[in-house]
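# Structural description and commentary
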Amino acid sequence: MANNIEISRRVLLELRDALRYGVCYDSVSTEVKQWQDLRIGNYLSGRTFQHDWRKVIGLCIALTFVSTYTITLLKSTIGLRSKKHGREPPIAPYWIPFLGNLLPLIWDPFTHCDETIKRYGYSTPVRLRLGPFKMYLVSGADHYMTLFSNKASRCMNTKGAVLLALENMFGTPSNVIPFYAADKSGVNSTPLPGSGVQPEHRITYLQVKAAHKHLSGTGLAQMTGSFLNILERRFSEAQVGPEWVDQPDLYAFLQNEVFRAAVEALCGPHLLLQSPTFVEDFWQFVTDVPTLIKGLPRWMSPGPYRNRQRLLDAVKKWHRYASEHSDFSRIGINDPEWEPYFGSKLIRARQEYSSKMFFMNKDALAAEDLGLIFATNTNAIPSLSWFIYEICRDPALMARVHREIDACRESSAESNKPVLDTNALYNQPLLQSIYAETLRLRVALIVTRTPEQEEFNVGQWTFPPKRVIALSSRTGAMNPNVWNAGTPEDPHPLDKFWADRFLIYPNDPMSGPLRKDQTDIKNDYMSKCISETKPAETGPRFSMEGVEGGWIPYGGGQRMCPGRHFAKQEIIGSLATLLAHFEIKLKEPKDGIEPECDMRYFPFGGLPPTKDIPFSLRRRQL
Ligand code: HEM
C-alpha cells in the first residue's frame with residue numbers, strides 16, 4: 001500500500017515534469033513504466049475500471065460546476081464593468097448549468113435573494129437564471145419608483161406570478177389557465193392595442209376594477225363596519241370574566257377571532273356555518289403554501305392537496321347555497337352593500353362578471369374566491385399579531401396607544417357609552433406609525449412586473465419584454481439609503497421595531513422615516529430656529545414622505561393592493577376593539593427567547609412568528 005502511494009506520487013511528479021519541461025516518455029523511470037503498465041492491465045481486465053469510472057464522473061461533474069461558475073462569474077464581472085447605457089443587468093453567477101440559480105432560490109429564497117442583493121448593492125439589478133426562464137431582481141428605491149410609475153403600469157403585467165398562484169396555490173383547473181393567459185388587454189378601461197379580447201372576457205381588468213370599486217368609498221365603509229361589528233359581538237360573547245385567563249398563543253387567537261370576522265364581512269356567515277373545519281383547514285393551507293407553490297405531483301404531497309380540496313369544496317357548497325337564496329346580479333347603486341348569502345358587493349360583482357365568461361366553471365370560481373380569502377387574511381392577520389405584540393410588550397407604548405384611542409371616543413345621544421370615532425382613530429399619528437413600522441418589518445413579499453410587448457428601461461438598465469422583474473419588499477424595508485435608523489446616541493437599527501420611526505416631531509430635526517445626513521440636518525435646523533420664530537406646533541405627525549421606494553408591502557402603481565385601506569382599518573380597528581373589551585398581558589417566553597419572523601414564508605407576505613406567543617387576558621372593568 002505504502003509502496004503504491006509512493007509510486008503514485010513519483011508518477012505524478014514525473015508527469016508534472018514531463019508537462020512542465022517537455023520530458024519525453026523514454027526518460028520516465030522503468031519502475032514508473034511498469035506501474036503504469038500494471039494499471040493499464042487492470043483497466044483492461046476491468047478490475048479497477050468500475051471504481052475509477054465513478055471518480056471520472058465525479059471529476060467531470062465537479063469540472064462542469066467549476067467551469068460554469070467561472071464562466072458566469074466572468075460574464076457577471078464584464079456586465080458589471082460595462083459602461084454601455086441600456087444594457088441588460090449582469091447575471092448572478094451559478095454553479096449548475098441549465099438550472100442556474102433555481103435550486104438555491106427554491107431551497108432558501110430569502111437567503112439567496114438577500115445574499116445576491118448584498119453582493120451587487122442596491123443600485124444594480126441582477127439577472128437570475130431559473131431553468132429555462134430568466135428573472136431580474138431589482139433592489140434600488142428609485143428603480144422601484146420607476147417600475148410603479150404610470151408609464152410602467154401601462155405596459156407591464158403581473159401575469160406570471162398570478163398564473164403560478166392560480167394553478168399551483170389555489171387549484172384553478174389547468175384547462176382554464178389558458179383563458180387567463182390569453183387576456184392581454186391590460187387593466188385600463190381601454191384595452192391595449194391588438195389584444196383582441198371580448199369586453200366580457202377581460203378578466204384582469206374586471207377583477208381589478210371590481211376590487212378597487214368595492215374596497216373603497218361606501219364599499220370600504222360597509223366592509224370595515226361589518227367587520228368591527230362582528231368582532232365586537234364575538235368579544236362581547238367570549239367566555240372571559242374579570243379573572244385572568246391564559247391563552248397559549250396570540251397569533252392562534254387572532255387566526256380564529258379576526259379571520260372569522262373578516263370572512264363573514266367579506267362572504268357572509270354561511271361559508272363558515274356550513275363548513276365547521278374551514279378555519280383550521282384554511283390556516284393549514286397557508287402553512288402548506290410553500291409546498292403547494294412548487295407544483296409537485298399530488299402523490300408527493302397528498303396532505304396539502306387533500307386539505308386544499310376540502311376548502312375548494314366548502315367554497316363551492318357556499319356558492320351553490322348563496323345562488324339558491326340570493327341574486328348576485330344585484331350590484332346596482334341601490335342594492336345593499338352587504339347581504340347574508342353572498343356577503344359583500346365585491347363577491348356579487350365577481351360572480352356577476354364571471355357568469356358571462358364561457359370558460360369560468362364552478363371549480364375555477366371556487367379557486368378565485370379561495371384566492372380572495374387568502375389575499376384578505378394571510379398578510380393582515382400575521383401583521384395584526386405583530387402590531388398587538390409590540391404594543392403589549394412595552395407598557396409605555398401601551399399607555400400612549402390608550403391615550404390616542406381614548407382621544408377618539410365621544411359621547412353619543414343614542415348610547416350611554418362613549419362611541420369611537422373610527423375615522424379619527426385611523427388617522428392617529430402613533431397608531432399609524434406603529435402600523436407602518438409593523439408592515440415594514442413583518443411583511444416580506446415579492447411583487448412582480450413583466451414588460452408586456454416592448455423592452456423597458458430603468459435608469460441605465462434595459463429589461464427585455466416577457467421577462468419577470470421581481471421587487472422584494474424586504475429589500476426596500478432594509479435599504480439603509482432610504483431609512484432613518486436613529487442617531488449614534490439613540491440608534492434604531494432597521495431590523496428592530498421602532499414605534500416612532502414614521503413620526504415627525506416638530507422639535508426634533510432627526511425624527512421622521514427618511515434617512516438624514518445628521519450634521520447637515522442639525523446645522524440647517526439650528527440656523528432655521530435662530531432665524532424664524534415658529535408658531536407653536538402640537539404633537540408629532542405621521543409621515544411617509546420620501547420613503548415611497550422603501551415601503552412597498554402593498555406593491556405599487558396601478559396594481560397596488562386594493563385591500564390596503566381595509567387592511568389598515570382592520571388592524572387599527574381590531575386593536576381598539578380588543579382593548580375596549582380586554583386587558584392583555586404577554587407571558588415571558590419559557591426559554592427567554594423572543595419570537596422572530598418566520599422567514600420560511602418569504603416571499604408570500606405576512607411573516608408569522610417562529611413560536612407561540614402565550615398571553616393572558618381578562619375582561620376590562622368599566
Ligand atoms: C397587510 C395586509 C396586506 C398586504 C401586505 C397586501 C399586499 C398585497 C400586494 C403586495 C399585492 C400585489 C400588489 C402589486 O402587484 O403591486 C396585493 C394584491 C391584492 N390584494 Fe392585498 N394585501 C393586504 C391585504 C389585503 C386585503 C385585506 C384584501 C382584501 C380585502 C386584499 C386584496 C388584494 C387583491 C384583490 C389583490 C389583487 C389586485 C390586482 O390583481 O391588481 N389585500 N396585496
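Residues numbered from 1 in each chain as written. Predicted model: local features only at pLDDT ≥ 70, side-chain atom pairs only at ≥ 80, totals over all residues.

### Looking at the overall build of the chain
In terms of helices and strands, the chain carries 24 helices and 17 strands. A buried classification covers 36% of the 622 residues belonging to the chain. Considering only contacts in the chain between residues 6 or more positions apart, those separated by 24 or more positions represent 71%. (Helix = DSSP H or I, 4+ residues; strand = E, 2+ residues; numbered from the N terminus. Buried ≥ 20, exposed ≤ 12 C-beta atoms within 10 Å, placed from the backbone. Contact = placed C-beta atoms within 7 Å.)

### Considering the sheet that holds strand β4 (residues 245–247)
Taken in spatial order, the 3 strands line up as β4-β17-β15 in an open sheet, and their pairing is antiparallel. The outermost strands of the open sheet, each flanked by one partner alone, are β4 and β15 (582–586). Strand-to-strand, the axes of this sheet are offset by a mean angle of 30 degrees, without reference to chain direction. Where β4 and strand β17 (residues 615–619) come together, 3 bridges link them in antiparallel fashion. When the sheet's bridge partners are listed, valine 245 is paired in β17 with leucine 617. (Pairing = 2+ DSSP bridges. Axes fitted to C-alpha atoms, helices over the stretch in contact; angles between N-to-C directions.)

### Some remarks on the site of the ligand
Taken together, 27 residues are adjacent to the ligand, and Asn379, Gly555, Cys561, Gly563 and Ala567 come closest. Listed by contribution, the elements that provide at least two residues to the shell around the ligand are α10 (203–214), α17 (362–377), α18 (380–392), β9 (443–451) and α24 (564–581). Looking at side-chain class alone, the shell around the ligand contains 17 nonpolar, 9 polar and 1 charged residues. (Near = placed C-beta within 6 Å. Nonpolar A, V, L, I, M, F, W, Y, C, P; charged D, E, K, R; others polar.)

### Describing the UniProt feature "transmembrane region" (unreviewed entry) in the chain
The UniProt feature table records "transmembrane region" (unreviewed entry) at residues 56–74. Here residues 56–74 runs as 100% helix and 0% strand, with 26 Å between its end C-alpha atoms. (UniProt positions renumbered as here; feature names shortened; annotations may be inferred.)

### Some points on the packing of helix α15 (residues 302–325) against α17
Where α15 contacts α17, the two axes come as close as 9 Å, and the packing angle between them is 105 degrees. Classed by the angle they form, the pair α15 and α17 counts as roughly perpendicular. From α15, Leu311, Leu312, Val315, Lys316 and His319 reach across to α17, where they touch Lys362, Asp363, Leu365, Ala366, Ala367, Asp369 and Leu370. Residues of the contact of α15 with α17, tallied by class, amount to 7 nonpolar, 1 polar and 4 charged. (Parallel < 35°, antiparallel > 145°, perpendicular 65-115°, else oblique.)

### Observations concerning the environment of isoleucine 405
Inspection of the secondary structure puts isoleucine 405 in helix α19 (residues 395–406). Separated by 308 residues in sequence, isoleucine 405 and proline 97 place their C-alpha atoms 58 Å apart. The residues touching isoleucine 405, leaving out its near neighbours within four places in the chain, are Leu425, Ala576 and Leu579.

### A word on the pairing of β17
Both β15 and β17 contribute to a ladder of 5 bridges, which runs antiparallel. Bridging across to β17, lysine 585 finds its partner in serine 616.

### Observations regarding unusual backbone geometry
Looking along the chain, the bond that leaves phenylalanine 602 and enters proline 603 is cis, with omega of 5 degrees. Tracing the backbone through its elements, the reader meets proline 603 in the loop between β15 and β16 (604–606). Not every positive phi belongs to a glycine, and phenylalanine 98 is a case in point at roughly 70 degrees. Topologically, phenylalanine 98 is positioned in the loop between α3 (49–81) and α4 (102–107). For phenylalanine 98, a count of 10 C-beta atoms within 10 Å translates into the label exposed. Of note, lysine 466 is a non-glycine position whose phi angle comes to about 70 degrees, a positive value. Structurally, lysine 466 can be placed in the loop between β11 (461–463) and β12 (468–472).

### So, the domain arrangement of the chain
The assigned domain composition of the chain is domain 1 (2–47), domain 2 (187–443 + 552–619) and domain 3 (486–549). Distance between the C-alpha centres of domain 2 and domain 3: 33 Å. Tallying the contact residues gives 10 residues for domain 2 and 12 residues for domain 3. Broken down by element, the side of domain 2 that touches domain 3 gets its largest block of residues, 8 residues, from helix α21 (residues 429–442). When the residues that make up the side of domain 2 that touches domain 3 are grouped by side-chain class, the tally is 6 nonpolar, 2 polar and 2 charged. (Domains from an automatic or database assignment.)

### A word on the pairing of β9
Of all the 9 residues making up β9, 8 are buried; the element is thus mostly covered by neighbouring parts of the structure. In terms of strand pairing, strand β3 (residues 156–157) meets β9 through 2 bridges, oriented antiparallel. Bridge assignment links methionine 156 to a residue of β9, and that residue is proline 451. As judged from the 3 bridges shared by β9 and β16, these two strands associate in the antiparallel manner.

### Here's the deal with the environment of glycine 343
With respect to the helices and strands, the residue glycine 343 is situated in strand β6 (residues 343–344). Assessed through the 25 C-beta atoms surrounding it within 10 Å, glycine 343 is described here as buried. In sequence terms glycine 343 and lysine 151 are 192 residues apart; their C-alpha atoms lie 36 Å from each other. For glycine 343, the contacting residues outside a window of four places in its chain are Leu266, Cys267, Gly268 and Trp338.

### Some points on α17
For α17, with 16 residues, the first-to-last C-alpha span of 23 Å sits near the 22 Å given by 1.5 Å per residue. With 12 of 16 residues buried, α17 lies mostly within the body of the structure. Of the positions making up α17, those classed as buried are Ala364, Leu365, Ala366, Ala367, Glu368, Asp369, Leu370, Leu372, Ile373, Phe374, Thr376 and Asn377. In this fold, the buried residues of α17 make contact with α8 (159–169), α12 (250–267), α15, α16 (345–354) and α18. (Expected span 1.5 Å × (residues − 1).)

### Looking at the nonpolar core
Of all hydrophobic cores here, the largest spans 128 residues; its most connected members are Leu137, Leu370, Phe387, Ile388 and Ala470. With 11 residues, α12 is the largest single contributor of residues to this core. The two domains that each donate at least three residues to this core are domain 2 (187–443 + 552–619) and domain 3 (486–549). Setting aside anything within four residues of it in sequence, one finds phenylalanine 387 in contact with Ile434, Tyr435, Thr438, Ile571 and Leu575. (Core = buried A, V, L, I, M, F, W, Y, C linked by C-beta atoms within 7 Å.)

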